Amino acid sequence: YLDCPLIVESVRRAIKEKNAQEIEDDMIKLGLPGGWMRSRQEWLDHPVGAYAKDTPIIEFEKRGNSHSRKLGQSKSRLLSGVRVLDLTNVIANPIGGRLLAEAGADVININPVTGDFILPTWIEGSWGKRNIRLDLKSQEGKQRFKELLSTADVLIDGHAPGAFERLGLDSD
């Protein structure tokens, strides 16, 4: 991407030729992870920051004909018997599913069939979960996801707004 040798000084010179926003935009176009550190105001001025500012950290929303469950039936683990589908993959989000698993929930971590995983991060975030790979872009993957979702009490979604709709999955 930077068209330079992988030597610190060469990379440093190449980066100085662009501003942080240009580099971030290029990385997004290339499907690369990364971003630049913004001040609080720069983050709030960014579309994602503006969205996040007014969005609760955790949001509970009952959808469709999902069933209700009375919690606290287990004498040892509060969330025993609760099934969670975890569609997260970046540091903070998978930790939420891990905490639910530690409290006794049956957490199924759904990973894409392709992609790079940062092993230490994946190990940390996957503790106590059952892991599967599922291609949500294929008809078979979508069908299996819907089957799993019909048995779930909780869905943890770390995708950008509108991602399910772009995949052809109804948000309900």
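Residues numbered from 1 in each chain as written. Predicted model: local features only at pLDDT ≥ 70, side-chain atom pairs only at ≥ 80, totals over all residues. Heavy atoms only, no water.

1. Focus on the sheet that holds strand 4 (residues 154–157)
Quick note on the threshold: Should DSSP find at least two bridges between two strands, the strands are taken to pair. Counting from the N terminus, the helices are the DSSP runs of H or I reaching at least four residues and the strands are the DSSP runs of E reaching at least two. Axes, fitted as lines to C-alpha atoms, cover a helix only where it is in contact. Angles between the N-to-C directions of the axes lie from 0 to 180 degrees. The contact criterion used throughout is that any non-hydrogen atoms of two residues lie within 4.5 Å.
Read from one edge of the open sheet, 4 strands run 3-2-1-4, paired in parallel fashion. Pairing within the sheet leaves two strands with one partner each, and these edge strands are strand 3 (130–133) and strand 4. Adjacent strand axes in the sheet meet at a mean angle of 20° when their direction is disregarded. Where strand 1 (residues 83–87) lies against strand 4, 4 bridges are found, and the strand directions are parallel. Among the inter-strand pairings, Leu85 is bridged to a residue of strand 4, identified as Leu155. Along the sheet face, helix 7 (residues 139–150) touches strand 1, strand 2 (106–111), strand 3 and strand 4 and points at about 145° away from the line of strand 1.

2. Considering a nonpolar patch on the surface
Threshold: The patches described consist of residues with a relative accessible area above 30% and no salt bridge, like charges being joined within 9 Å and nonpolar side chains (Val, Leu, Ile, Met, Phe, Trp, Tyr) within 5 Å. For accessible areas, the Shrake-Rupley method is used with a probe of radius 1.4 Å. Any residue's cover is judged against the shown protein chains and nothing else. By definition, a salt bridge exists where a carboxyl oxygen of Asp or Glu is found within 4 Å of a side-chain nitrogen of Lys or Arg.
On the surface, Tyr1, Leu30 and Leu32 cluster together to form a nonpolar patch covering roughly 300 Å² of accessible area. For Leu30, the position within the fold is in helix 2 (residues 20–30).

3. Some remarks on the nonpolar core
Cut-off, in case you're wondering: Take the buried residues of types Ala, Val, Leu, Ile, Met, Phe, Trp, Tyr and Cys, join any two whose side-chain atoms come within 4.5 Å, and each joined set is a nonpolar core. Accessible area is worked out with a 1.4 Å probe on protein chains only. A residue is then buried under 20% of its type maximum, exposed over 50%, and partly exposed in between.
If you look at the biggest cluster of nonpolar residues, it comprises 12 residues: Leu85, Leu87, Ile108, Ile110, Leu134, Leu136, Phe145, Leu148, Ala152, Phe164, Leu167 and Leu169. Those elements that provide at least two residues to this core are strand 1, strand 2 and helix 7. With residues near it in sequence (within four places) discarded, Phe164 still touches Leu87, Phe145, Leu155, Asp157 and Leu169. Counting 7 residues, the second largest nonpolar core, distinct from the first, contains Leu79, Val84, Ala101 and Ile156.

Nothing here speaks to function; it is geometry throughout.
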